[in-house]
Amino acid sequence: MTKLYEQARSALLSRRESLTRQARHAAGAEGSTAGEDQELGDIDAALARLDAGTYGTCQSCGSSVGTQRLRAVPETVYCSGCLLQHALAGGRRD
Ligand SMILES: [Zn+2]
């Protein structure tokens, strides 16, 4: 596993930890927001891709997502080109 992937994994795990803690705090009040649930799902999916060895590959075009983008948004599934297309098409952006 490369250093980038190790950094991504630890960033994902710590983000996951803080989201889970927030959710526990909010339990009984209004619960976690849809955005937080979505982010948790994205983080879990990214961790699964790290384990599967497919992390860092764009899920739309299959090319490399790129180091800078993975550093900025470790749970991303799209390269910047595909992300732009999805944003233009009205999809989510991250
Ligand atoms: Zn792509």
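A brief report on the enclosed structure follows. (Residues numbered from 1 in each chain as written. Predicted model: local features only at pLDDT ≥ 70, side-chain atom pairs only at ≥ 80, totals over all residues.)

**Here we look at the packing of helix H1 (residues 3-26) against helix H2 (residues 34-52)**
- Interaxial distance between H1 and H2 falls to 10 Å at its minimum, and their mutual angle equals 150°. Considering their axes alone, H1 and H2 lie roughly antiparallel with respect to each other. The two elements H1 and H2 cross, and the hand of that crossing is left-handed. Between H1, through Tyr 5, Ala 8, Arg 9, Leu 12, Arg 15, Arg 16, Leu 19, Gln 22 and Ala 23, and H2, the contact on the second element is made entirely by Glu 36, Glu 39, Leu 40, Ile 43, Ala 46, Leu 47 and Leu 50. (Axes fitted to C-alpha atoms, helices over the stretch in contact; angles between N-to-C directions. Helix = DSSP H or I, 4+ residues; strand = E, 2+ residues; numbered from the N terminus. Parallel < 35°, antiparallel > 145°, perpendicular 65-115°, else oblique. Left-handed = near helix turned anticlockwise from the far one by under 90°. Contact = placed C-beta atoms within 7 Å.)

**Some remarks on the nonpolar core**
- If you look at the biggest cluster of nonpolar residues, it comprises 10 residues: Ala 8, Leu 12, Ile 43, Ala 46, Tyr 55, Val 65, Leu 70, Tyr 78, Cys 79 and Leu 83.
- Other than its neighbours up to four places away in sequence, Leu 70 contacts Leu 4, Ala 8, Gly 56, Val 65 and Thr 76. (Core = buried A, V, L, I, M, F, W, Y, C linked by C-beta atoms within 7 Å. Buried ≥ 20, exposed ≤ 12 C-beta atoms within 10 Å, placed from the backbone.)

**A closer look at the environment of Leu 19**
- Structurally, Leu 19 can be placed in helix H1.
- A residue is classified by how many C-beta atoms lie within 10 Å of it, and Leu 19, with 16 of them, is partly exposed.
- Those residues in contact with Leu 19 that lie beyond four places of it in its chain are Glu 36, Glu 39 and Leu 40.

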